[in-house]
Amino acid sequence: MELKLRDLRYLVAVADQRHFARAAARCFVSQPTLSAQLKKLEQALGVQRAPNAISLTAVGEEIVARARRILEASDEVVQLARSHQDPLGGRLRVALLPTIGPYLLPRVAPLIRKTLPRLQLHLYEYQTAPMLERLHAGELDVGILALPVELEGLEARELYREDFLLAVPERNRLAGQERVRLADLRDETLLLLEEGHCLRDQALEVCSRVGVRDSQDFRATSLETLRQMVAAGAGVTLLPELASRGAYRSGRGVALRPFVRPAPARCIGAVWRKTTPRRAAIEAVCELIAQHAT
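Nothing here was measured: the structure is a model prediction, and the numbers come from that model.

A. Molecular detail of helix 7 (residues 198–207). When you tally the buried positions in helix 7, you get seven out of ten residues, the bulk of the element. Turning to helix 7, its buried residues are Cys198, Leu199, Arg200, Gln202, Ala203, Val206 and Cys207.

B. Molecular detail of the layout of surface pockets. What the second largest pocket holds in volume is close to 190 Å³. As for the second largest pocket, its lining consists of Asp16, Arg26, Arg68, Glu133, Arg134, His136, Ala137 and Glu139. Looking at the lining of the second largest pocket element by element, the count peaks at three residues for helix 6 (residues 128–136).

C. A look at the pattern of salt bridges. If you walk through the whole model with that rule in mind, you get 13 salt bridges. The residue Arg68 makes a salt bridge to Asp16 at a minimum N-O spacing of 2.5 Å. Remark: Asp16 occurs in helix 1 (residues 5–17) and Arg68 occurs in helix 4 (residues 58–85); sequence separation between them is 52 residues. Arg173 is paired through a salt bridge with Glu188; the nearest N and O atoms lie 3.2 Å apart. Note that Arg173 is positioned in the loop between strand 4 (154–169) and strand 5 (189–190) and Glu188 in the loop between strand 4 and strand 5, a separation of 15 residues in sequence. Overall, Glu188 belongs to the buried group, its relative accessible area being 10%. Salt bridges sharing common partners tie together Asp16, Arg26 and Arg68.

D. Layout of the nonpolar core. The biggest cluster of nonpolar side chains holds 70 residues, and the ones touching the most others in it are Leu104, Ile144, Tyr160, Leu166 and Ile289. Element by element, the count of residues in this core is highest for strand 4, at eight residues. In this view, Ile289 contacts Leu104, Val108, Ile144, Leu159 and Tyr160; residues no more than four positions away in its chain are not counted. Counting residues in each nonpolar core, the second largest holds 17 residues, with Leu8, Leu11, Ala15 and Ala67 among its members.

E. Spatial organisation of the confidence of the model for the protein chain. Within the protein chain, residue pLDDT values average 86, and 90% of them lie at 70 or more. Mean pLDDT values for the elements of the protein chain range from 64 in strand 6 (residues 213–214) up to 96 in strand 3 (residues 142–147).

F. Region of interest: the packing of aromatic side chains. Applying the stated rule across the entire model yields one aromatic pair. Seen from their ring centres, Tyr124 and Tyr126 are 6.3 Å apart, and the 10 degrees between their planes marks the pair as stacked.

G. Local environment of the environment of Val254. Tracing the backbone through its elements, the reader meets Val254 in strand 8 (residues 254–258). Once the C-alpha coordinates of Val254 and Val168 are considered, the two residues, 86 residues apart in sequence, prove to be 5.7 Å apart. Contacts of Val254, omitting those with residues within four sequence positions, involve Ala167, Val168, Glu170, Arg227, Val230 and Ala231.

H. How the structure looks around the packing of helix 2 (residues 20–27) against helix 3 (residues 31–45). Between helix 2 and helix 3, the shortest axis-to-axis distance is 8 Å and the interhelical angle comes to 100 degrees. By the criterion of interaxial angle, the relationship of helix 2 to helix 3 is roughly perpendicular. Along the contact surface, helix 2 presents Phe20, Ala21, Ala23, Ala24 and Cys27, while helix 3 presents Gln31, Leu34, Ser35 and Leu38. In the contact of helix 2 with helix 3, the residues fall into seven nonpolar, two polar and no charged.

What counts and how
- Residues numbered from 1 in each chain as written.
- Predicted model: local features only at pLDDT ≥ 70, side-chain atom pairs only at ≥ 80, totals over all residues.
- Heavy atoms only, no water.
- Buried < 20%, exposed > 50% of the residue type's maximum accessible area, 1.4 Å probe, protein only.
- Helix = DSSP H or I, 4+ residues; strand = E, 2+ residues; numbered from the N terminus.
- 1 Å grid on protein atoms, 1.4 Å probe; cavity = no way out; pocket = protein on both sides within 12 Å on 5 of 7 lines; lining within 4 Å.
- Points joined across faces, edges and corners; volume = space filled by probe spheres on them.
- Salt bridge = Lys/Arg side-chain N within 4 Å of Asp/Glu carboxyl O.
- Core = buried A, V, L, I, M, F, W, Y, C linked by side-chain atoms within 4.5 Å.
- Contact = heavy atoms within 4.5 Å.
- pLDDT = per-residue confidence, 0-100.
- Phe/Tyr/Trp six-rings, centres within 6.5 Å; stacked < 30°, edge-to-face > 60°.
- Axes fitted to C-alpha atoms, helices over the stretch in contact; angles between N-to-C directions.
- Parallel < 35°, antiparallel > 145°, perpendicular 65-115°, else oblique.
- Nonpolar A, V, L, I, M, F, W, Y, C, P; charged D, E, K, R; others polar.

Set out below in structure tokens:
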């Protein structure tokens, strides 16, 4: 039998979407076309499923996993040929954490466009777990996130480190200090991002050293929501240094104070697949970020 990449793409789309109509739309074909091709694939493989069943059997899960690897390898063959012709051109799919993208991109995106004019950045925003999943699946070329992370099958490079600053209401007692200590936070209410944000875990780890209590009835979806809640006097929070620069330098009602040295900080890095054919473009982008992020 002859396996066709098109049919494997249909199979993976159905496994991802768990819905034939959505899978067909993702593959830009009609639902009857997709269903007919999948039926042929099942007959060729000798794998049966119940009519209209979407859930995968155990063998179906294994087949889909291998189909993903085949599709990833085929995509890499195409990208390798294209990147050989123009290593610093073409599409580069870059994902950033929501706590990094809005503050890093204004600093480096114009420089990347100027320095690498043939490179087409396709930008995405994901939290750490879904970003790593998409990297492994070949849906992204590189992710910009907080290190360390699990690197099985991946490579990483540190790009820059940034200190955390303490954001307090302007009338808070700590607003009058030039620098603050972690111990100063002991009687404060800590405002945090919702579950899934690595910055939440980092802030909890830092503040747990002095027993700071976090607000149990509030979880923010973004740093800007946290900033507004601080301005309203609901508590204090930690902000990464880049979130205090440029257009974000002066937030009404919020005072930003650095910590005494050594200040709590986070490490920002890039992560990509070891087998990527876009290594030259990734390294060029990483070098520009490392040089100009801070």
